[in-house]
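# Observations on the model geometry
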Amino acid sequence: MRRALALMSTLVFALTIGAGTAAAQNKEVGADKCAKMCHKVQYTSWLETKHAKAEKKTECETCHGPGSGYMTMSIMKDPAKAKAAGLIAKPDIASCNRCHKPGEIKPDMLTKVHAHKG
């Protein structure tokens, strides 16, 4: 019984680590693919934002994670699978702080940044 429990714990741990590794190994597919496949309205709206026009352009995957792991329709239609595959559905201040200085982004700014979802 102990051996079975230890084996199961090891298996669960390995699967958890493997899922995280898979998400970390995703590659960017480019904003055009996001737009062409499903997100035309969001992409067109995003093109008018400061992030799109910045010297260092911030694209979909900058905030939502590299898309190769979650871009297929069967994964995108299942929020749990998409998240497990690396999708960051709702970026937060911690996500913004990867590019912005800590304290620079305020909570009310997130709604403005995400206004492109219209």
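As the structure is a computational prediction, the values presented were derived from the model and not from experiment. (Residues numbered from 1 in each chain as written. Predicted model: local features only at pLDDT ≥ 70, side-chain atom pairs only at ≥ 80, totals over all residues. Heavy atoms only, no water.)

## A look at the pattern of salt bridges
The tally for this structure, following the rule as stated, stands at two salt bridges. Between Glu 48 and Lys 53 there is a salt bridge; the shortest N-O distance is 3.7 Å. Just as Glu 48 is exposed, Lys 53 falls in that class too. (Salt bridge = Lys/Arg side-chain N within 4 Å of Asp/Glu carboxyl O. Buried < 20%, exposed > 50% of the residue type's maximum accessible area, 1.4 Å probe, protein only.)

## Some points on the environment of Lys 81
Examined against the element boundaries, Lys 81 turns out to sit in helix α7 (residues 79-84). Residue classification places Lys 81 among the partly exposed positions, given a relative accessible area of 48%. Sequence separation between Lys 81 and Gly 69 is 12 residues; the distance between their C-alpha atoms is 9.7 Å. Once residues lying within four places of it in the same chain are set aside, the contact partners of Lys 81 are Ser 74 and Ile 75. (Helix = DSSP H or I, 4+ residues; strand = E, 2+ residues; numbered from the N terminus. Contact = heavy atoms within 4.5 Å.)

## A look at the side chain of Glu 61
Turning to its location among the elements, Glu 61 is positioned in helix α5 (residues 60-64). Of the side chains with opposite charge, Lys 33 comes closest to the buried, unpaired Glu 61, at an N-O distance of 9.3 Å. Polar side-chain contacts of Glu 61 include one of 2.7 Å to the backbone nitrogen of Gly 67. Setting aside chain neighbours within four positions, we find Glu 61 in contact with Lys 27, Glu 28, Val 29, Gly 30, Ala 31, Pro 66, Gly 67 and Tyr 70. (Lys, Arg positive; Asp, Glu negative; His and termini not counted. Polar contact = N/O pair within 3.5 Å; in protein donor to acceptor, adjacent residues only side chain to side chain.)

## Describing the side chain of Thr 58
Structurally, the position occupied by Thr 58 is in the loop between α4 (50-53) and α5. Apart from residues no more than four positions distant in its own chain, Thr 58 is found in contact with Trp 46, His 51, Ala 52 and Cys 63.

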